[in-house]
Amino acid sequence: MCGGSARRWKRVAKDSSVTKASRAHRPAASKRREPRPILYSYFRSSCSWRVRIALALKGIDYETVPINLIKDGGQQFSKDFQALNPMKQVPALKIDGITIHQSLAIIEYLEETRPTPRLLPQDPKKRASVRMISDLIAGGIQPLQNLSVLKQVEEKFQLTWAQNAIISGFNALEQILQSTAGTYCVGDEVTMADLCLVPQVANAERFKVDCTPYPTISSINKRLLVLEAFQVTHPCRQPDTPTELRA
Ligand SMILES: N[C@@H](CCC(=O)N[C@@H](CS)C(=O)NCC(=O)O)C(=O)O
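Residues numbered from 1 in each chain as written. Predicted model: local features only at pLDDT ≥ 70, side-chain atom pairs only at ≥ 80, totals over all residues.

Per an unreviewed UniProt entry, the protein chain carries the name Maleylacetoacetate isomerase and comes from Rhinopithecus roxellana. In its Sequence similarities (unreviewed entry) section, UniProt records this for the protein chain: "Belongs to the GST superfamily. Zeta family." Here the protein chain is described in UniProt, under the heading Pathway (unreviewed entry), as follows: "Amino-acid degradation; L-phenylalanine degradation; acetoacetate and fumarate from L-phenylalanine: step 5/6." (UniProt positions renumbered as here; feature names shortened; annotations may be inferred.)

Please give an account of the site of the ligand that cites residues and values.
Around the ligand there are 17 residues in total, and Ser45, Gln89, Ser103, Leu147 and Ser148 lie nearest to it. Those elements giving two or more residues to the shell around the ligand turn out to be helix H4 (46-57), helix H6 (103-113) and helix H8 (147-150). Taken together, domain 1 (2-116) and domain 2 (124-230) each give at least three residues to the shell around the ligand, which thus spans both. (Near = placed C-beta within 6 Å. Helix = DSSP H or I, 4+ residues; strand = E, 2+ residues; numbered from the N terminus. Domains from an automatic or database assignment.)

So what's going on with the nonpolar core? Which residues, and what values?
The biggest cluster of nonpolar side chains holds 62 residues, and the ones touching the most others in it are Ala54, Ile107, Ile133 and Leu197. Among the domains, domain 1 (2-116) and domain 2 (124-230) are the pair contributing at least three residues each to this core. The residues contacting isoleucine 107, other than those within four sequence positions of it, are Arg50, Val51, Ala54, Leu119, Met192 and Leu195. (Core = buried A, V, L, I, M, F, W, Y, C linked by C-beta atoms within 7 Å. Buried ≥ 20, exposed ≤ 12 C-beta atoms within 10 Å, placed from the backbone. Contact = placed C-beta atoms within 7 Å.)

Kindly report on the sheet that holds strand S3 (residues 92-95), identifying the contributing residues and their values.
Adjacent strands of a sheet form backbone hydrogen bonds with each other and so pair up, either parallel or antiparallel. Pairing is mixed across the open sheet formed by 4 strands, whose spatial order is S2-S1-S3-S4. Both outer strands of the open sheet, strand S2 (63-66) and strand S4 (98-101), are each paired with one neighbouring strand and no more. The sheet shows a mean angle of 20° between the axes of neighbouring strands, taken without regard to direction. Taken together, the 4 bridges between strand S1 (residues 38-41) and S2 define a ladder with parallel strand orientation. Following the sheet pairing, tyrosine 40 is matched in S2 by valine 65. Docked against the sheet, H4 engages S1 and S3, running at close to 155° with respect to S1. (Pairing = 2+ DSSP bridges. Axes fitted to C-alpha atoms, helices over the stretch in contact; angles between N-to-C directions.)

Describe in detail the confidence of the model for the protein chain, supporting the description with residues and values.
Of all residues in the protein chain, 87% have pLDDT values of 70 or greater, and the mean over the chain is 90. The model gives residues 1-10 a pLDDT under 50, and that stretch makes 20 contacts with residues more than four places away or in other chains. For residues 13-27, every residue scores under 50 in pLDDT, and the model assigns this stretch 30 contacts once sequence neighbours within four places are set aside. (pLDDT = per-residue confidence, 0-100.)

With reference to specific residues and values, describe helix H10 (residues 192-206).
Spanning 15 residues, H10 covers 22 Å between terminal C-alpha atoms, matching the ideal 21 Å at 1.5 Å per step. Summarising burial for H10: 12 of the 15 residues are buried, a large majority. Taken from the residues just after H10, lysine 208 is the one with a positive phi, measuring 55°. (Expected span 1.5 Å × (residues − 1).)

Give a detailed account of H6, specifying residues and quantitative values.
Turning to H6, its buried residues number three or more, namely Ser103, Leu104, Ile106, Ile107 and Leu110. On an axial view of H6, the arc spanned by its buried residues comes to 160°, and they lie on one face. Across from the buried face of H6, at angles greater than 90 degrees, the exposed residues are Ala105 and Glu112. On its buried face, H6 sits against H4, S3, S4, helix H7 (124-140) and H10. (Arc of directions from axis to C-beta.)

Lay out the environment of leucine 150 in plain terms, naming residues and giving numbers.
The residue leucine 150 is located in helix H8 in this model. Leucine 150 sits in the partly exposed class, given 17 other C-beta atoms within 10 Å. In this structure, the C-alpha to C-alpha distance between leucine 150 and alanine 162, residues 12 residues apart in sequence, is 7.6 Å. What leucine 150 contacts, discounting residues up to four positions off in sequence, is Gln145, Gln158, Trp161 and Ala162.

This is the structure we're talking about:
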């Protein structure tokens, strides 16, 4: 059944606004007509959103293959998708002849191969702060409230479980940001840490976490959300966003 659903995956052309944004900074690879990277993504997946923002910021033209994490028992469990990512999770990115999973590894690869604009600061101390915040979110918050973990928790406790994971992480993050933040998470440049922050705040909102105790997180999130790369990659504007959730 899941294998069947995989066969129905559709390659979806990227949102026209992303295409427009990409044209301005299209890298040499695209000009040489190399195959467009393919992003296996789910509109609501915060980890996929991190990568979508990186691709948009760096002006990388790509195709989306939606993997519905709910439909057909979860298309991430299909044989075809498991062959791509044995962890059965999105995102996965096919690029330059390889397939990469783990959002931070993908972002770091993009950074190393397409360095402009920079998502990791030049200064090693700031770079460490960016990685620290990214790991805090990607390793210390998101996995605890991920679908596969919530499925192990009795349904009536799932919301509180997710809220507790986010609150505990945000308590730490709010304190850390007070010493690292400028306009954004680390100084005044958009970095990988910001790519992790915005999708995690969206998860917090989805799980009805009260964000008033987190003024630094909230104000950085607000400043980032107005940037084009964050807007065009927003879950409400993806090729697989259901009609009722589109905005
Ligand atoms: N560490 C991975 C985590 C990926 C992950 O948790 N992806 C979620 C969506 S955000 C997923 O595919 N969940 C499917 C499931 O739990 O069955 C990354 O950063 O890419």
